[in-house]
Amino acid sequence: MKTYDIAIIGGGPAGLAAGLYSGRAKMDTLILEKQKYGGQIVTTDELENYPGSIKEETGPSLIGRMVDQADKFGCTRIEDTVTDVELEGDVKILKGNKGEYRAKAVIITSGATPTNIGCPGEKEFTGKGVSYCATCDAAFFEDFEVYVVGGGDAAVEEAIYLTKFARKVTIIHRRDALRAARSIQDKAFANDKIEFMWNTTVEEIKGDGIVTGMIVKDTKSGETREVFADEEDGTFGIFVFIGFKPISAIFEGKVDMENGYILTDENMHTNIPGVFAAGDIRKKSLRQVVTAAADGAIAATEAGRYIEEMEGTAYKY
Ligand code: NAP
């Protein structure tokens, strides 16, 4: 069976940047992506905080170019879900649904996935009024009312985006102050279409085939009340942006982690020789496209150096 130099698990910004760097260094590089390239960034409509992205840059447009760039430098891309890994030893083994892959070094860039509210009705009405992706589903709510749950950067940015479609956007936040960056907050406060439901949580989502109402709770008084869809509309949207959890179950007990996030040093080395981690899967303070891409570049360079040391070959990055 073929042994790649570097296998990258995940095709988001960290994985694609790692692919670019290792491919460009003439490493035989495999990128494994389970579903859709781009990870969380594909749900982002406006990407104004990636250096050089000024106008009309969306998550998908940036990712499209990153994929092309990885291809340009000869990366092999396979769509497969990695279900098990053997990371000890000089040759690492990755088991997927479609096959088994071998590599001298592995870069884990499996990212994170949206957190659920966890209330009754949420699962049942996902795709029927409940959404985790404004870019994907905003158009369904043209001239309707929508509610956005959360108070971080994602919730507030997506609420602003949703105002392009919905006639009214209400941010439901469990506290009385947003977590989002001040600059993002200011835009939301200045937007006439955005209202706030402070100190509020969603306790239950109700409906009949589609969302028609929800029960919300005042976190201060403990009182609950039902919010009904406007009679003429018959429904409303609930967009949930309350953070992310790492996609790391298959690495449990195999690399050092904290709360599901993989621990690395500043050069992306995990505690296992030849195994690196990059992007949102790492324990780190700032999870952004720019930091994911930077992590990926460092991880690939370090993986190249690791192989060079192991084999005495010349690594050019
Ligand atoms: P986040 O910053 O962790 O914020 C999560 C928000 O959801 C918080 O306001 C939190 O409330 C609330 N929340 C958490 N669990 C909840 C629950 N069970 N019920 C109700 N509310 C709950 O997550 P994020 O906004 O998804 O952002 C994730 C990371 O991506 C952050 O580092 C963020 O800076 C970054 N990001 C950046 C940008 C940008 O810079 N343009 C855009 C999107 C995301 P509390 O405030 O009370 O904890």
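Residues numbered from 1 in each chain as written. Predicted model: local features only at pLDDT ≥ 70, side-chain atom pairs only at ≥ 80, totals over all residues. Heavy atoms only, no water.

1. Points about the site of the ligand
If you check the shell around the ligand, you find 17 residues, and the closest are Asp153, Glu157, Arg175, Arg179 and Gln288. In the model, an oxygen atom of the ligand is placed 3.2 Å from a nitrogen or oxygen of the Gly152 main chain. In the complex, the protein chains occlude 74% of the 910 Å² of accessible area that the ligand would expose alone. Here the shell around the ligand takes 3 residues from helix α4 (residues 153-162), the largest share from any one element. A per-class count over the shell around the ligand returns 4 nonpolar, 7 polar and 6 charged. (Near = heavy atom within 4 Å. Polar contact = N/O pair within 3.5 Å; in protein donor to acceptor, adjacent residues only side chain to side chain. Areas by Shrake-Rupley, 256 points an atom, 1.4 Å probe, with all protein chains shown as cover. Helix = DSSP H or I, 4+ residues; strand = E, 2+ residues; numbered from the N terminus. Nonpolar A, V, L, I, M, F, W, Y, C, P; charged D, E, K, R; others polar.)

2. Concerning the sheet that holds strand β12 (residues 200-208)
Strand order across the open sheet formed by 3 strands is β12-β13-β14, with antiparallel pairing between neighbours. The outermost strands of the open sheet, each flanked by one partner alone, are β12 and β14 (224-228). Direction aside, the axes of adjacent strands within the sheet are offset by 25° on average. One ladder, built from 8 bridges, connects β12 with strand β13 (residues 210-218); its direction is antiparallel. The residue of β13 that forms the bridge with Glu204 is Ile215. (Pairing = 2+ DSSP bridges. Axes fitted to C-alpha atoms, helices over the stretch in contact; angles between N-to-C directions.)

3. Topic: the pairing of β13
Between β12 and β13, which follow one another and run antiparallel, lie 1 residue, and Gly209 among them has a positive phi close to 85°. Note that β13 and β14 share 5 bridges and pair antiparallel. Bridging across to β14, Gly213 finds its partner in Phe228. Connecting the antiparallel pair β13 and β14 is a turn made up of 5 residues, with Gly222 showing a positive phi of about 80°.

4. Some words on the sheet that holds strand β9 (residues 145-149)
The 5 strands lie next to each other as β8-β15-β9-β10-β11, forming an open sheet whose pairing is parallel. The sheet is open, and its two edges are formed by β8 (130-131) and β11 (194-197), each paired on a single side. Where α4 meets the sheet, its contacts fall on β9, β10 (168-172), β11 and β15 (237-240), and the angle it forms with β9 comes to roughly 170°. (Contact = heavy atoms within 4.5 Å.)

5. Here we look at the pairing of strand β6 (residues 100-108)
Here β6 lies mainly inside the structure; 7 of its 9 residues are buried. Relative to β6, strand β1 (residues 3-9) runs parallel, the two sharing 6 bridges. Residue pairing for β6: Thr3 is matched across the bridge by Arg102. Across 4 bridges, strand β5 (residues 92-96) lies against β6 in antiparallel orientation. Bridge pairing links Ile93 to Arg102 in β6. Between the antiparallel neighbours β5 and β6 lie 3 residues. (Buried < 20%, exposed > 50% of the residue type's maximum accessible area, 1.4 Å probe, protein only.)

6. What to know about the domain arrangement of the chain
You can read the domains of the chain as domain 1 (3-114 + 244-311) and domain 2 (130-240). Placing a centre on the C-alpha atoms of domain 1 and another on those of domain 2 gives a separation of 33 Å. Of the roughly 610 Å² buried where domain 1 meets domain 2, counting both sides, 46% is carbon and sulfur surface. On the domain 1 side of the contact with domain 2, Thr43, Asp45 and Pro114 bury the most area, a combined 61% of that side's loss. Summed over the shared surface of domain 1 and domain 2, the result is 0 salt bridges. Joining domain 1 to domain 2, the criterion identifies 0 residue pairs in polar contact (both at pLDDT 80 or more). A per-class count over the side of domain 1 that touches domain 2 returns 2 nonpolar, 2 polar and 3 charged. (Domains from an automatic or database assignment. Buried area = accessible area lost by both parts, 1.4 Å probe. Salt bridge = Lys/Arg side-chain N within 4 Å of Asp/Glu carboxyl O.)

7. A closer look at helix α2 (residues 59-72)
Each α-helix winds once per 3.6 residues, and so residues spaced three or four apart point in a common direction. Its 14 residues place the ends of α2 20 Å apart at the C-alpha level, agreeing with the 20 Å of an ideal helix rising 1.5 Å per residue. Restricting attention to buried positions, one finds in α2 the residues Gly59, Leu62, Ile63, Met66, Val67 and Ala70. Here the buried residues of α2 occupy an arc of 140° about the axis, which is enough to place them on one side. Exposed positions of α2 whose direction lies more than 90 degrees from the buried face are Asp68 and Lys72. Among the structural elements, α1 (13-24), β2 (29-33), β3 (76-79) and α6 (289-311) are those in contact with the buried residues of α2. Looking one or two places after α2, you find Gly74, whose phi comes out positive at around 85°. (Expected span 1.5 Å × (residues − 1). Arc of directions from axis to C-beta.)

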